[in-house]
Amino acid sequence: MARWLLHILIITSLHLISLSSQHETRFVYENFLDQEDLYLDASAKVVPSGLLQLTNTSMNQIGHAFYKKPVELSSSKPLSFSTHFVCALVPKKGHEGGHGIAFLVSPSRDFSHAEATSYLGAFNASALESSPSSHVLAVELDTIWNPEFNDVFNNHVGIDVNSPVSVGVASASYYSDMKGKNEGINLLSGKPIQVWVDCEGTVINVAIAPLKVQKPTTGAAVSDQYILGWSFSTDRGSLQRLDISRLVEVPHSSAPHKKLPIILLVCLSFVVLSLLA
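Everything numeric in this text was worked out from a predicted model, so none of it was measured.

Rules used throughout
Residues numbered from 1 in each chain as written. Predicted model: local features only at pLDDT ≥ 70, side-chain atom pairs only at ≥ 80, totals over all residues. Heavy atoms only, no water. Helix = DSSP H or I, 4+ residues; strand = E, 2+ residues; numbered from the N terminus. Buried < 20%, exposed > 50% of the residue type's maximum accessible area, 1.4 Å probe, protein only. Areas by Shrake-Rupley, 256 points an atom, 1.4 Å probe, with all protein chains shown as cover. Pairing = 2+ DSSP bridges. Core = buried A, V, L, I, M, F, W, Y, C linked by side-chain atoms within 4.5 Å. pLDDT = per-residue confidence, 0-100. Contact = heavy atoms within 4.5 Å. Salt bridge = Lys/Arg side-chain N within 4 Å of Asp/Glu carboxyl O. Phe/Tyr/Trp six-rings, centres within 6.5 Å; stacked < 30°, edge-to-face > 60°.

### Describing the overall build of the protein
Thinking step 1. In terms of regular secondary structure, the protein is built from zero helices and 18 strands.
Thinking step 2. Burial statistics for the protein: of 277 residues in total, 55% are counted as buried.
Thinking step 3. Taken as a whole, the protein presents about 12,200 Å² of accessible surface, with 52% of it coming from carbon and sulfur.

Given below as structure tokens:
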């Protein structure tokens, strides 16, 4: 019986177990004061306000947060899940900010081999070539330009399959209904950012938006990384909405940070083939 883990950020996760039939699993966190179902490692912790802090502004930090309870997947049906989470990357005073955050799907929660900085706590230097045996899917919110990983921009969303080398990448942006055009998002603004990841079979759809915007329809760098809330469901039609008004405010650094150049796209879709083979 195959065992799978679903991770958010680097990473909050679920145990995923392949069974003959899939039963719906869903949960929602609007704060993380109840830690009973969470397993935290490295620098990850829940601060008194209820924020899940994955890294702090010390150098070369990694933080993982795992959801303990098993989630059942069907071995006879296509993989299907939806998740919605709110995160914030708060730069350290006088610094540009950290390398980013990632949502992962992996067969193990053992990331002791993973490296910080550009590897986002999910990969290491030996994983530059895609390895089917590693079975890792990552959706990254990356703030550093790493051309060796197929990064085109320094402020982007990427999809990685078994390797930090992205198979799909798009600049961080969303479609504004009010302005009728694409608007860029600075991932290092320190402001809350909504992220949606929808998987149906071999198709992954990723969308991002500022806190009060509805879901779009179609190394030396350090920062505090927070998860404000998280909702997950194996039934895409029953994903529980996060009550944005109940989320904890993010503590902000008073430091100015560089405004990153942005190229605009609405969302990122990618077909992932044979990921679970």
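Read on for the rest.
### Considerations on the pairing of strand β14 (residues 181–184)
Thinking step 1. Note that strand β13 (residues 173–176) and β14 share four bridges and pair antiparallel. Bridge pairing in β14 links Tyr-175 to Asn-182.
Thinking step 2. Here β13 folds back onto β14, and the loop between the two strands holds four residues, one of which, Gly-180, carries a positive phi near 65°.

### Structural notes on the nonpolar core
Thinking step 1. Counting residues in hydrophobic clusters, the biggest one holds 42 residues, and the most contacted among them are Phe-32, Phe-81, Cys-87, Val-195, Ile-227 and Trp-230.
Thinking step 2. If you look at the next biggest cluster of nonpolar residues, it comprises eleven residues, including Ala-88, Tyr-226, Leu-242 and Val-250.

### Digging into the confidence of the model for the protein
Thinking step 1. For the protein, the mean per-residue pLDDT works out to 75, and 71% of the residues sit at or above 70.
Thinking step 2. For the protein, per-element mean pLDDT is lowest for strand β1 (residues 3–7), which scores 38, and highest for strand β5 (residues 45–46), which scores 94.
Thinking step 3. This stretch, residues 1–15, has a pLDDT under 50; its non-local contacts, to residues over four places away or in other chains, come to 100 contacts.
Thinking step 4. Across residues 254–267 the pLDDT falls below 50, and counting only partners more than four positions away or on other chains, this stretch makes 46 contacts in the model.

### Remarks on the pattern of salt bridges
Thinking step 1. Scanning the model with the defined rule gives five salt bridges in all.
Thinking step 2. The partner of Arg-246 in a salt bridge is Glu-30, and the shortest N-O contact between them spans 3.2 Å.
Thinking step 3. The salt bridge involving Asp-198 is made with Lys-215; its shortest N-O contact spans 2.5 Å. One end of the pair, Asp-198, is in strand β15 (residues 193–200); the other, Lys-215, is in the loop between β16 (203–210) and β17 (223–233), with 17 residues separating them in the sequence.
Thinking step 4. By relative accessible area, which is 7% here, Asp-198 ends up buried.
Thinking step 5. On the basis of relative accessible area, Lys-215 is assigned to the partly exposed category, the value being 37%.

### Quick word on the packing of aromatic side chains
Thinking step 1. Following the criterion strictly, the structure yields eight aromatic pairs and no others.
Thinking step 2. Both rings, one in Phe-27 and one in Trp-230, keep their centres 4.7 Å apart while their planes meet at 85°; by these two values the pair is edge-to-face. Both residues of the pair, Phe-27 and Trp-230, count as buried.
Thinking step 3. Arranged with centres 5.9 Å apart and planes meeting at 25°, the rings of Phe-81 and Phe-232 form a pair that is stacked.
Thinking step 4. Take Phe-81: its relative accessible area is 3%, and that puts it in the buried class.
Thinking step 5. Taking relative accessible area as the criterion, Phe-232 reaches 1% and is therefore assigned buried.

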